[in-house]
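Overview (structure and organization)
Below are the chains, spelled out letter by letter.
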Amino acid sequence: FPQEWGLPMPQYIEDLLEVNPKADICLVDHQQTSQLNPAIPVENIVGVIDHHALQNKTIVTDKPIYIDIRPWGSMSTIIAHTFFTHKRSPPKAIAGMLLCAILSDTLNLLG
């Protein structure tokens, strides 16, 4: 999908962490340890943006992190809302990617 919006494919997290092992990571669309990529050290996690319920396998960190979890249809809606509350519009390519995720998460706005 990124190419459809004129964006490059994102770098694999394993490659990113190889170059920058202390990279700050914000988890999006999940916060369960069972869904966490094993390459991501928990100490690198600085935030979570999600729309799923907290359950017994939610990540636990040693330090405070940014958390934005809302009972909305998609985490992309949360990100878009953040743009708008800061009186900013996402660039067209980012808006397109957010729309793709919203449509996917909500089964084309039917679910």
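Refer to the preceding data block for the structure.
So, here's what we can say about the structure. Being a predicted model, the structure only gives us computed values, none of them experimental.

Right, let's get into the side chain of His30. Here His30 is to be found in the loop between strand E1 (25-28) and strand E2 (45-50). By relative accessible area, which is 16% here, His30 ends up buried. There is a polar contact of 3.2 Å between the side chain of His30 and the backbone oxygen of Val28. Among residues more than four places away in sequence, those in contact with His30 are Gln35, Leu36, Val48, Ile49 and Asp50.

The next subject is the pairing of E1. Only one face of E1 is buried: it carries Ile25 and Leu27, and the other face, with Cys26 and Val28, is open. Sheet topology note: the E1/E2 ladder contains four bridges and is parallel. Looking at E2, one finds that Ile25 is bridged to Ile45.

Leu17, Ala23, Ile25, Leu27, Leu36, Ile40, Ile45, Val48 and Ile59 form the largest nonpolar core, which has nine residues in total. Of all the elements in the fold, those that place two or more residues in this core are E1 and E2. Once residues lying within four places of it in the same chain are set aside, the contact partners of Val48 are Cys26, Leu27, His30, Gln31, Ile59, Ile65, Tyr66, Ile67, Asp68 and Ile69.

To continue, consider the layout of surface pockets. Estimated volume of the largest pocket: approximately 550 Å³. For the largest pocket, the lining is made up of 19 residues, of which Pro10, Gln11, Cys26, Val28 and Met75 are closest to its centre. Contributing elements (two or more residues each) for the lining of the largest pocket: E1, helix H2 (75-85) and helix H3 (92-105). Residue contributions to the lining of the largest pocket peak at four residues, all from E1. Class assignment for the residues of the lining of the largest pocket results in 15 nonpolar, four polar and no charged.

Thresholds, definitions, all that
Residues numbered from 1 in each chain as written. Predicted model: local features only at pLDDT ≥ 70, side-chain atom pairs only at ≥ 80, totals over all residues. Heavy atoms only, no water. Helix = DSSP H or I, 4+ residues; strand = E, 2+ residues; numbered from the N terminus. Buried < 20%, exposed > 50% of the residue type's maximum accessible area, 1.4 Å probe, protein only. Polar contact = N/O pair within 3.5 Å; in protein donor to acceptor, adjacent residues only side chain to side chain. Contact = heavy atoms within 4.5 Å. Pairing = 2+ DSSP bridges. Core = buried A, V, L, I, M, F, W, Y, C linked by side-chain atoms within 4.5 Å. 1 Å grid on protein atoms, 1.4 Å probe; cavity = no way out; pocket = protein on both sides within 12 Å on 5 of 7 lines; lining within 4 Å. Points joined across faces, edges and corners; volume = space filled by probe spheres on them. Nonpolar A, V, L, I, M, F, W, Y, C, P; charged D, E, K, R; others polar.

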